[in-house]
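Observations on the three-dimensional arrangement
One letter stands for each residue in the lines below.
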Amino acid sequence: MVAQNILVATANFYSIRAKDDPRYEYPRDVLTGAIQQLRFSAHLNSGVIKNSSEFIVLRTSGTTGEPKLLRHPMDFHAAVVESGVQALSRNGMLENPHVCMIAISRGRLSGGFLFIYEVVRQSGWSILLTGASDDSEDVSNLCNKFSVDTIFMAPNVISAVFTKDMIGQFNTVKNILYIGEVPSTSIMKRFMADFPHIRLKPFCYSSNDTGPLGIPKFDSDDYTYDVPDNVLLEVETADGNIALNGTGNILVSVMGLEDPKLIRFKVGDVGILATKEDGSQTIDVQGRGDISVKFHLDTVGGSVILQKSVVLDFLQECALPKGWDIIINIVNRNDRTILEMNIISDIIFDENVLTHKLNDEFPVLQLRGRMLVKKIDDEQAAELSPGKRRFFIKSY
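Residues numbered from 1 in each chain as written. Predicted model: local features only at pLDDT ≥ 70, side-chain atom pairs only at ≥ 80, totals over all residues. Heavy atoms only, no water.

So, on to the environment of glycine 211. Among the secondary structure elements, glycine 211 is positioned in strand S8 (residues 211–216). Taking the C-alpha atoms as reference points, glycine 211 and valine 231, 20 residues apart in sequence, are found 9.5 Å from one another. Among all residues touching glycine 211, those that are not within four sequence positions of it are Val80 and Ser206. (Helix = DSSP H or I, 4+ residues; strand = E, 2+ residues; numbered from the N terminus. Contact = heavy atoms within 4.5 Å.)

Spelled out as structure tokens, the structure:
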């Protein structure tokens with residue numbers, strides 16, 4: 001839940017700063033609006049917002065796909081770590097010592113990797129600091145050699161490590177704790193069928209930019225999270241309204257920071273938000289929206305974030321017939337990631353020519369040579385994406 005004191009204190013701080021700095025005007029309005037909706041008192045003894053002078057700097061791709069540097073005060077980092085410890089406690093994983101592997105890439109000084117490391121170190125666990133390995137056999141051998149019972153892993157790489165060829169190879173592993181987005185239904189079903197002795201559970205709903213956004217409830221399902229005290233969530237609904245209850249794109253406001261950049265920050269996910277009168281919030285995470293998609297390229301360490309806008313801008317240059325729609329299906333064939341561009345159109349066009357153009361000229365270099373254009377009709381589109389038609393689908 002968003003704690004009343006920290007929300008009011010942050011709003012008061014931004015109100016004072018806004019008198020001399022216009023950067024604080026919008027954040028001030030957002031938070032004072034939330035206070036009014038929640039009917040909180042703005043005159044509480046809310047304390048003073050002041051962050052520590054010590055900080056850490058992280059590099060991240062973020063949901064925009066553009067590398068950026070993040071400066072997090074150390075007191076904010078301490079609060080982030082505390083949320084992670086709380087998540088392990090709720091999961092009953094602090095009752096006994098564990099040996100864990102952190103299979104999260106360190107290549108970009110990932111906030112996710114550092115977050116997990118600090119949490120398990122504080123919890124007294126033994127740690128394999130392997131980061132992302134390119135070889136699932138290597139991951140399995142390390143786990144068996146050092147009796148690893150718990151692996152922390154991003155959902156988009158689970159299927160790359162736990163393939164059917166690896167059934168029976170992870171003898172000591174009992175838990176997979178995923179961080180970030182929610183695994184697709186197809187991944188979860190296949191994993192549970194192939195590795196029934198391993199428990200697949202969420203660690204935290206989190207992003208590198210904002211820290212933890214949700215702590216698993218564990219008393220309902222694996223998609224519903226309690227929102228931490230220092231976070232206010234909102235959703236941008238399909239009609240463009242921003243609300244404290246409803247379904248839509250998740251907007252994050254982190255409280256207690258002097259820097260106002262993390263107010264209504266878009267993480268690229270869709271969820272169902274419920275806010276009670278006391279400010280307590282739960283978020284039912286439904287996965288990434290159609291803004292972007294994150295997926296791996298054949299190996300654990302080869303993740304890519306693809307923007308919908310990048311695809312549409314390029315296809316606009318390809319002189320496609322008017323009235324086309326598209327579904328991008330990300331599949332894995334023969335251990336190779338392929339992007340099937342299913343173009344929905346009644347008008348005939350040359351699929352081979354467009355496939356070659358995409359593979360030769362697509363602006364995301366890592367994806368060249370991985371494109372396949374397929375022309376489909378509305379009936380085939382409905383089978384591929386039942387219900388509301390989605391732009392991105394992952395079928396591996």
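In this section: the nonpolar core. In this structure, Ile151, Phe162, Phe170, Ile176 and Phe203 are the most contacted members of the largest nonpolar core, which totals 84 residues. Looking at this core element by element, the count peaks at seven residues for helix H1 (residues 4–18). Leaving out residues up to four positions away in the same chain, isoleucine 151 has contacts with Met101, Ala103, Cys143, Phe162, Val173, Asn175, Ile176 and Leu177. In terms of nonpolar packing, the next biggest core, distinct from the first, is built from 27 residues, Leu315, Trp324, Leu358 and Leu367 among them. (Core = buried A, V, L, I, M, F, W, Y, C linked by side-chain atoms within 4.5 Å. Buried < 20%, exposed > 50% of the residue type's maximum accessible area, 1.4 Å probe, protein only.)

Quick look at the sheet that holds strand S20 (residues 392–394) now. Strand order in this open sheet of four strands is S19-S18-S17-S20, and the pairing throughout is mixed. A single partner strand is all that each edge strand has here, and the edge strands are strand S19 (371–376) and S20. If you compare each strand with its neighbour and ignore which way they point, the axes differ by 25° on average. Pairing analysis gives three bridges linking strand S17 (residues 325–333) to S20, with the strands arranged parallel. Looking at the pairing, asparagine 329 lines up with isoleucine 393 of S20. Sheet contacts for helix H9 (residues 351–361): strand S18 (336–344) and S19; angle to S19, the most-contacted strand, approximately 150°. (Pairing = 2+ DSSP bridges. Axes fitted to C-alpha atoms, helices over the stretch in contact; angles between N-to-C directions.)

Our next topic: a nonpolar patch on the surface. Among the surface-exposed residues, Phe55, Val57 and Leu69 lie close enough to one another that they form a single nonpolar patch of about 270 Å² accessible area. Position of phenylalanine 55 relative to the elements: it lies in strand S1 (residues 55–60). (Patch = residues over 30% accessible without salt bridge, like charges linked within 9 Å, V, L, I, M, F, W, Y side chains within 5 Å. Areas by Shrake-Rupley, 256 points an atom, 1.4 Å probe, with all protein chains shown as cover. Salt bridge = Lys/Arg side-chain N within 4 Å of Asp/Glu carboxyl O.)

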